[in-house]
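# Structural overview
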Amino acid sequence: MKPSNEAIKPGPIGIFDSGYGGLTILEEIRKVMPGYDYIYLGDNARTPYGTRSFDVVYQYTLECVNKLFEMGCHLVILACNTASAKALRSIQQNDLPRIDPCRRVLGVIRPTVEMLDQVTQTKHVGIFATPGTVQSDSYPIEAHKIFPDIRITTEACPMWVPLIENNEHLSEGAAYFVQQNIRNLLKKDAQIDSIILGCTHYPLIVPTIRRYLPTRIKIISQGEIVARSLKLYLERHPEMDAKCTKNGVTSYFTTESTEKFIHSASIFLHTRIKAERISL
Ligand code: DGL
């Protein structure tokens, strides 16, 4: 795709996730910016990304971003921590200048760490995330650029995404793994007073986390933070805002079967939607 001199045709905002997790971000974005149009793309055929290598996550994410560009999006949000951790920087630095320097891809990690100072008194923050996000070290690296005095401790939770995708997140099986991950995290740092859910699936498992987490520890979900940050971004960039259509319409696309997507998306969105299957 090359930049064109023709009049730019505005399009929806693209919201990408490896599967369903980005729906928790989309929901919050729509609360803050209901008038905009959105295309949600879930790469359900290749989910989970959380246990895959850097190269694979980068390649899959780039394909999905390109697809959203082809579908008319000028702005794409990687509503997936794993993709934000492993692919965002390469896409921004190496691919966008070649594909079209006027398009933008934003992630969820930077806006989340920007507000860390507002959530912690002890300056000890815990992060629950996928193994891929934890291995990338993106949270501590990004956080320390802004708040070098805040200690970040991460805990990989490889079982949580499969439990959520199988609608087992409120079961006794989920309780076993959640207790184990909480214990591990607090053993690493007992002074943690806030925990960031660094995976877009995790808001669904909050009731189980809350059952076992000491009440003094706050749980921070990303949806609202990312939504507020996107609104501010568009206020600061009226040239990008002008490229976003505003009819209040959301379309859903999946790389897997539509029946499966519609069924599982209803667990995340609490409503039935229509979806289309696409190949990349
Ligand atoms: N939604 C992804 C994230 O936020 C995790 C799901 C996956 O492993 O693909 O990291």
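Reading the values: rules and limits
Residues numbered from 1 in each chain as written. Predicted model: local features only at pLDDT ≥ 70, side-chain atom pairs only at ≥ 80, totals over all residues. Heavy atoms only, no water. Axes fitted to C-alpha atoms, helices over the stretch in contact; angles between N-to-C directions. Helix = DSSP H or I, 4+ residues; strand = E, 2+ residues; numbered from the N terminus. Parallel < 35°, antiparallel > 145°, perpendicular 65-115°, else oblique. Left-handed = near helix turned anticlockwise from the far one by under 90°. Contact = heavy atoms within 4.5 Å. Nonpolar A, V, L, I, M, F, W, Y, C, P; charged D, E, K, R; others polar. Near = heavy atom within 4 Å. Polar contact = N/O pair within 3.5 Å; in protein donor to acceptor, adjacent residues only side chain to side chain. Areas by Shrake-Rupley, 256 points an atom, 1.4 Å probe, with all protein chains shown as cover.

### A closer look at the packing of helix α2 (residues 54-70) against helix α4 (residues 88-99)
Relative orientation of the contacting elements α2 and α4 amounts to 40°, with a least axis distance of 12 Å. If you check the angle between α2 and α4, you find them oblique. In the packing of α2 onto α4, the handedness of the crossing is right-handed. Facing Tyr-58, Thr-61, Leu-62, Val-65, Asn-66 and Phe-69 of α2, the residues of α4 in contact are Ser-90, Ile-91, Asp-95, Leu-96, Arg-98 and Ile-99. Of the residues that constitute the contact of α2 with α4, the class distribution is seven nonpolar, three polar and two charged.

### Side note on the site of the ligand
As a structural note, the neighbourhood of the ligand is formed by 14 residues, with Ser-18, Tyr-49, Gly-50, Thr-82 and Thr-200 the closest of them. Measuring from an oxygen atom of the ligand, one finds a side-chain N or O atom of Ser-18 at 2.6 Å. Backbone polar atom of Gly-50 to an oxygen atom of the ligand: 2.8 Å apart, as the coordinates give it. Protein chains shield 99% of the accessible area of the ligand, which is 300 Å² for the free molecule.

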